[in-house]
Amino acid sequence: MSTTCDDGACEKRRDLFDAVRKATHRDASTTRTNADDANADQGAGTGTAAPLDVDELGRASWALMHTIAAYYPQKPTHAQRVQARRFFDALGDLYPCATCRADLRADVDAHPPRCESREALAKWVCERHNVVNEKLGKAKMSCAIDALDARWRRAKTTEGREETEAL
């Protein structure tokens, strides 16, 4: 049974790229096959073969965490708050990179997820990301909710279409 999802997070970015590719490359030699799609899916959209290296895994994990926070309910139920906490606890116990896992576990223990609202969770994920960025010598990002929404949520245009901002 198929369900319809109107959230921007339900769309595939590759759909956009496929549409552009088809419009610009009408040559049959550039047409993707089902085998090409299956091979691309094995690399989780990274353009590389699985398994992911630590950098790819980090980028994918942060994208997942930020996206979960961006679409988290503004007024979550008790069950949703419990599930969000369990998700981050599990990530701290199961993350594939042992060093990253230990850092995440310690950080989650010291700074428990703030699951009371979408804004609180989005800011918490951003703050955790900035801790890691600082350790890696990378620039910190703004944790202002408008900046996070611009990066991780789809916005409606004046015509009512969805567009991805700042991807």
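Since the model is a prediction, treat every value here as computed from it, not as a measurement. (Residues numbered from 1 in each chain as written. Predicted model: local features only at pLDDT ≥ 70, side-chain atom pairs only at ≥ 80, totals over all residues. Heavy atoms only, no water.)

**What to know about the layout of surface pockets**
Vacant regions in the atomic arrangement are exposed by a probe of water-molecule size rolled over the atoms.
Here comes step 1: Considered as a void within the structure, the second largest pocket measures approximately 560 Å³ in volume.
Here comes step 2: Together, 21 residues line the second largest pocket, and Gly58, Trp62, Cys100, Val132 and Leu136 are the ones closest to its centre.
Here comes step 3: Breaking the lining of the second largest pocket down by element, the ones donating at least two residues are helix H3 (54–70), helix H5 (98–110) and helix H6 (118–135).
Here comes step 4: With seven residues, H3 is the largest single contributor of residues to the lining of the second largest pocket.
Here comes step 5: Of the residues that constitute the lining of the second largest pocket, the class distribution is nine nonpolar, five polar and seven charged. (1 Å grid on protein atoms, 1.4 Å probe; cavity = no way out; pocket = protein on both sides within 12 Å on 5 of 7 lines; lining within 4 Å. Points joined across faces, edges and corners; volume = space filled by probe spheres on them. Helix = DSSP H or I, 4+ residues; strand = E, 2+ residues; numbered from the N terminus. Nonpolar A, V, L, I, M, F, W, Y, C, P; charged D, E, K, R; others polar.)

**Things to note about the packing of aromatic side chains**
Here comes step 1: What the rule picks out here adds up to two aromatic pairs.
Here comes step 2: When the centroid spacing of 5.0 Å and the interplanar angle of 85 degrees are considered together, the rings of Phe87 and Phe88 count as edge-to-face.
Here comes step 3: Plain terms: the ring middles of Phe88 and Trp124 are 4.9 Å apart, the flat faces sit at 70 degrees to each other, and that makes the pair edge-to-face. One end of the pair, Phe88, is in helix H4 (residues 78–94); the other, Trp124, is in helix H6, and 36 residues separate them in sequence.
Here comes step 4: Accessibility expressed as a relative area gives 1% for Trp124, which makes it buried.
Here comes step 5: A connected cluster of aromatic rings, assembled from ring pairs, spans Phe87, Phe88 and Trp124.
Here comes step 6: Sitting over the face of the ring of Trp152, Arg151 holds its NZ or CZ atom 4.0 Å from the ring centroid. (Phe/Tyr/Trp six-rings, centres within 6.5 Å; stacked < 30°, edge-to-face > 60°. Buried < 20%, exposed > 50% of the residue type's maximum accessible area, 1.4 Å probe, protein only. Lys NZ or Arg CZ within 6 Å of the ring centre and 35° of its normal.)

**Structural notes on the nonpolar core**
Here comes step 1: Judged by nonpolar contacts, the single largest core of 22 residues is most densely connected at Met65, Phe88, Leu121, Trp124 and Val125.
Here comes step 2: Those elements giving two or more residues to this core turn out to be H3, H4, H5, H6 and helix H7 (145–152).
Here comes step 3: Setting aside residues up to four positions removed in sequence, Val125 forms contacts with Trp62, Met65, His66, Ala69 and Phe88. (Core = buried A, V, L, I, M, F, W, Y, C linked by side-chain atoms within 4.5 Å. Contact = heavy atoms within 4.5 Å.)

**A word on H6**
Here comes step 1: Helix length check: H6 (18 residues) gives 26 Å between terminal C-alpha atoms against 26 Å at 1.5 Å per residue, within 8%.
Here comes step 2: Close packing links the buried residues of H6 with H3, H4, H5 and H7.
Here comes step 3: At the exit of H6 stands Gly137, carrying a positive phi of roughly 75 degrees. (Expected span 1.5 Å × (residues − 1).)

**Digging into the pattern of salt bridges**
Here comes step 1: Under the definition given, this model contains 11 salt bridges.
Here comes step 2: Among the salt bridges present, the one from Asp109 reaches Arg105, with a minimum N-O distance of 3.1 Å. You can see Asp109 and its partner Arg105 sitting in helix H5, four residues apart, about one turn around the helix.
Here comes step 3: For Arg105, a relative accessible area of 18% gives the class buried. (Salt bridge = Lys/Arg side-chain N within 4 Å of Asp/Glu carboxyl O.)

**Regarding empty space enclosed by the protein**
Here comes step 1: Applying the stated rule across the entire model yields one cavity of 30 Å³ or more.
Here comes step 2: Put simply, the largest cavity is a space of about 40 Å³.
Here comes step 3: In this structure, the largest cavity is lined by His66, Ala69, Ala70, Arg118, Ala122, Ile145, Leu148, Asp149 and Trp152.
Here comes step 4: Among the elements that make up the lining of the largest cavity, the one with the highest residue count is H7 (four residues).
Here comes step 5: Taken together, the residues that form the lining of the largest cavity break down as six nonpolar, one polar and two charged.

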